[in-house]
Amino acid sequence: MNVFLSYFNFLNYLSKFQKFIFYFLIILFFIFFLVSISLGSFNFFLFDLLTYQPDSLNKIVLYEIRIPRVLLAGFVGASLGISGASLQGLFRNPLADPGLIGVSAGAALGAALVIVLGSNFFSEYFFNTFALPFSAISGAALVITLLYFFTRGFGYEGITYMLLIGIAINALASVGIGILTFISSDSELRGLTFWTMGSFGGASWQIIMPALVIIIFTILWMIPSARKLDLLQLGEPEAYRLGIDIQKLKFKVIISSAIIVGVSVALSGMIGFVGLVVPHLVRLIGGVNHSYLLPASAFFGGSLMMSADLLSRILISPAEVPVGLLTSALGAPFFLWLIFNSRKI
Amino acid sequence: MSINISSLTYEVDNKKILNEISLKIELGEILCVLGPNGSGKSTLVNLISGNFEATKGDIFFDKVDLKKISIEDRAFTRSVMTQSQPIVFDFTVREIIEMGWLKRGNFNFSKDFKYVFNQVVDEASIENLTEKKFNVLSGGEQKRVHLARTLIQAWRPSNSNDPKYIFLDEPTANLDINYEKKVMEIVRKKADEGIGVLLIVHDINLACKYSDKIAVLKDGFLLGFGSPENILTEEILSNAYDLPVKVIKNPLSFEY
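The shown structure was predicted, so the numbers you read here are calculated from the model rather than taken from an experiment.

We now examine the overall build of chain B. For chain B, the count of helices and strands is nine helices and ten strands. The C-alpha radius of gyration computed for chain B amounts to 18 Å, which stays within 12% of the reference 18 Å derived for 256 residues, consistent with globular compactness. Projecting the C-alpha coordinates of chain B onto the three principal axes gives extents of approximately 55 × 45 × 40 Å. For chain B, the residues scored as buried account for 52% of the 256 residues in total. Excluding contacts between residues fewer than 6 apart, the proportion of contacts in chain B whose partners are at least 24 apart in sequence is 67%. In the structure as shown, chain B presents an accessible area of about 11,900 Å², 49% of it carried by carbon and sulfur atoms. Averaging the coordinates of the 32 positive side-chain charges in chain B and doing the same for the 36 negative ones gives two points 3 Å apart.

Take a look at the structure:
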């Protein structure tokens, strides 16, 4: 029981206002979930769902298509939000984002490699649930490891450096994906196009269940590092003197970010700017300490992604806008605004 | 109870930054390290803090080898204030000070904390800054916030006898003489409460007035270690700074 309670120690570091925002974001997450499952090319009314049994077609749409899809959007949003927040904390850089620094591209390259070169070797189930996510995670981890070495351990002096390296890695990954596109067959090409634009259309219970479990446990594993990320903002030597094992912390943040970004990219393709924008908005609302920022970014990222997915489904219904296009269209101007307003870049 | 440093040597690329340094930091005393720029003072602090690992020699905290103390336990024994790095995100002063509070793993966060927080904020004279953003403060104010954070880390309940040490690397840089005096008086008070203090300052007068022991470093060598009267001689100081230094006893006995 104590162990269980002590997990929630991070709540002690939240101010009253931050707690209020945090609980509000949790509620918001569930509201967006309910709204997202009820709207689309088929509309379900929330209250009707409670009272009557939907007929069989509606039922299939709701339980087999809509709910997995919305869940996936919510969890991918949460992953990108929290990994953006923790990477920004780790790099001590407000511009860090799994997309900008090349982590998503690494994951996409990993995924593309398996799609084009590996799909013949595995059964479909094994391929979708294990081979693809594993390859995407490895790609993400490889990129973060490269960044780590090139920025000499993510030191403060390595910041601009890191973004430049991100550009280079993004370029290299596009080359890789380009080559794979060139040699791919028609059916593989369809799969590849899906990565570059991002979509939740492929969600089914069978595919998302392992991913959801991985994402939930990784996020739960990340949250206790929040206080340590706060201390890290004083600089590595200071954080060390306050009792933080820096190497362990770096390892944990890097690996956990790679896992959830890798899984997310494996299932939904490259969805840009969410990891950058969400932590900034969360900071603007309630403050910068990571005990608040990490969990709040997860819930807010989830809400944002579910609403983006909802938009992508209803904007030109019954057709769909790829959700990655939508988030980039909204996120890129925000990023520009951020650059113009930032004092420290 | 003391920190014993014996034959401490630190090399980078075969260049000796510190050479066979032996010192002792006693509880309840202020040891002041003097020396010209580049003499190895900050390196010494980094070694004793555990940030750097010595090439040769030993550091014992109360007879326990520093290498055998976990990173977490070290934080409970010593707290360190050095030249700080810029902080990117907009933390409030309260949050920065809170970072020094190590008492973890229970829900009694607010009980002792409020009392100690008010105490260190009062000591560092930053009562009216606590709700401000850290990054809008002046350099001197930021320094005092970091001092408060260092003090809160070194806090112990009144019924505890755990040895505590504070290492301060130029705590008075950027401060006007009023705050300089205040900071030195806090440091003196902490030493009188039984905390061992290692202090680096450039102002020889400050060192002389407030410290119990003085060590003088030059080019990584220890020129002298002992009481201020024995160490602050014209011979040692002239040698350390490569300048003819004349020692005059202050007729006001070092009062400002």
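Residues and elements named next belong to chain B. Read across the open sheet, the four strands follow the order β2-β1-β4-β5; overall the sheet is antiparallel. Only two strands of the sheet have a single neighbouring strand rather than two, namely β2 (15-26) and β5 (64-65). Lying over the sheet, helix α1 (residues 41-49) contacts β1 (2-12), β2 and β4 (56-61), oriented at roughly 65° with respect to β2.

Moving on, we get to the interface of chain A and chain B. How big an interface is tends to be expressed through the accessible area that disappears when the partners come together. Counting from both sides, the interface comprises 32 residues of chain A and, opposite them, 34 residues of chain B. Summed over both partners, the interface of chain A with chain B buries about 3,000 Å², with 56% contributed by carbon and sulfur atoms. Among the residues chain A hides against chain B, the three largest losses belong to Leu234, Tyr240 and Arg241 of chain A. Together they make up 25% of the total. The tally of links from chain A across to chain B stands at one salt bridge. Across the contact surface, chain A and chain B share 14 residue pairs in polar contact (both at pLDDT 80 or more).

On to the environment of Ile219 of chain A. All names here are of chain A. Locating Ile219 in the fold gives a position in helix α9 (residues 205-222). Overall, the relative accessible area of 11% leaves Ile219 in the buried class. Separated by 64 residues in sequence, Ile219 and Arg283 have C-alpha atoms that sit 19 Å apart. When neighbours within four sequence positions are excluded, Ile219 is seen to be in contact with Tyr7, Ala78, Ser79, Ile82 and Ile260.

With that settled, the discussion passes to the confidence of the model for chain B. In this model, chain B carries an average pLDDT of 87, and 94% of its residues clear a pLDDT of 70 or more. Within chain B, the lowest mean pLDDT, 83, falls on helix α4 (residues 109-123) of chain B, and the highest, 94, falls on strand β7 (residues 165-169) of chain B.

Moving on: the packing of aromatic side chains. For any two aromatic rings, the description comes down to two numbers: the centre-to-centre distance and the angle of the planes. According to the stated counting rule, one finds twelve aromatic pairs over all chains in the structure shown. Where Phe22 of chain A meets Tyr23 of chain A, the ring centres are 5.7 Å apart and the plane angle is 40°; that geometry is what we call tilted. A residue is classified by how much of its surface remains accessible, and Phe22 of chain A, at 6% relative accessible area, is buried. In this structure Tyr23 of chain A comes out as partly exposed when scored by relative accessible area, which is 40%. Ring centres of Phe113 of chain B and Phe117 of chain B lie 5.4 Å apart, and the angle between their planes is 40°; on these two criteria the pair is classed as tilted. Here the residue Phe113 of chain B and the residue Phe117 of chain B both occupy positions in helix α4, the gap between them amounting to four residues, near one helical turn. Residue classification places Phe117 of chain B among the buried residues on the basis of a relative accessible area of 3%.

All names here are of chain B. Strand order in the open sheet made by the six strands is β6-β7-β8-β3-β9-β10, with mixed pairing throughout. The outermost strands of the open sheet, each flanked by one partner alone, are β6 (78-81) and β10 (221-226). Neighbour to neighbour, the strand axes of the sheet diverge by 15° on average, direction disregarded. Looking at chain direction, β7 and strand β8 (residues 196-200) are connected through five bridges and run parallel. Each residue of the ladder has a partner; that of Leu168, found in β8, is Leu199. Sitting on the sheet, α1 touches β3 (30-34), β6, β7, β8 and β9 (213-218), and the angle it makes with β8 is about 150°.

Residue and element names in this part refer to chain A. Within the secondary structure, Ser312 is located in helix α14 (residues 290-314). Exposure remark for Ser312: the relative accessible area of 1% places this residue in the buried category. Filtering out sequence-adjacent residues up to four positions away, Ser312 remains in contact with Arg69, Ala319, Glu320, Val321, Val323 and Leu326.

Before going further, it helps to examine the packing of α9 of chain A against helix α12 (residues 246-268) of chain A. Residues and elements named next belong to chain A. As a packed pair, α9 and α12 sit with axes 10 Å apart at the nearest point and diverge in direction by 155°. With respect to each other, α9 and α12 are oriented roughly antiparallel. Relative to α12, the crossing made by α9 is left-handed. Of the residues in α12, those in contact with Ile207, Ile208, Ala211, Ile214, Ile215, Thr218, Ile219, Trp221 and Met222 of α9 are Lys252, Ser256, Ser257, Ile259, Ile260, Val263, Ser264 and Leu267.

What follows concerns the pattern of salt bridges. Within the structure shown, the criterion is met by 18 salt bridges over all chains. Ionic pairing is found between Arg69 of chain A and Glu320 of chain A, a salt bridge with its closest N-O pair at 2.8 Å. Pair noted here: Arg69 of chain A is in helix α4 (residues 56-91) and Glu320 of chain A is in the loop between α14 and α15 (323-341), with a separation of 251 residues, a long-range link. Put simply, Arg188 of chain B and Asp212 of chain B hold a salt bridge, and the shortest N to O gap is 3.3 Å. Separated by 24 residues along the polypeptide, Arg188 of chain B in helix α6 (residues 177-192) and Asp212 of chain B in the loop between α7 (204-210) and β9 bring together distant segments of the chain. Salt bridges sharing common partners tie together Arg69, Asp309, Arg313 and Glu320 of chain A.

About the criteria used
- Residues numbered from 1 in each chain as written.
- Chains lettered and ligands numbered in written order.
- Predicted model: local features only at pLDDT ≥ 70, side-chain atom pairs only at ≥ 80, totals over all residues.
- Heavy atoms only, no water.
- Helix = DSSP H or I, 4+ residues; strand = E, 2+ residues; numbered from the N terminus.
- Rg over C-alpha atoms; globule rule 2.2 N^0.38 Å.
- Buried < 20%, exposed > 50% of the residue type's maximum accessible area, 1.4 Å probe, protein only.
- Contact = heavy atoms within 4.5 Å.
- Areas by Shrake-Rupley, 256 points an atom, 1.4 Å probe, with all protein chains shown as cover.
- Lys, Arg positive; Asp, Glu negative; His and termini not counted.
- Charge placed at Lys NZ, Arg CZ, Asp CG, Glu CD.
- Pairing = 2+ DSSP bridges.
- Axes fitted to C-alpha atoms, helices over the stretch in contact; angles between N-to-C directions.
- Buried area = accessible area lost by both parts, 1.4 Å probe.
- Salt bridge = Lys/Arg side-chain N within 4 Å of Asp/Glu carboxyl O.
- Polar contact = N/O pair within 3.5 Å; in protein donor to acceptor, adjacent residues only side chain to side chain.
- pLDDT = per-residue confidence, 0-100.
- Phe/Tyr/Trp six-rings, centres within 6.5 Å; stacked < 30°, edge-to-face > 60°.
- Parallel < 35°, antiparallel > 145°, perpendicular 65-115°, else oblique.
- Left-handed = near helix turned anticlockwise from the far one by under 90°.

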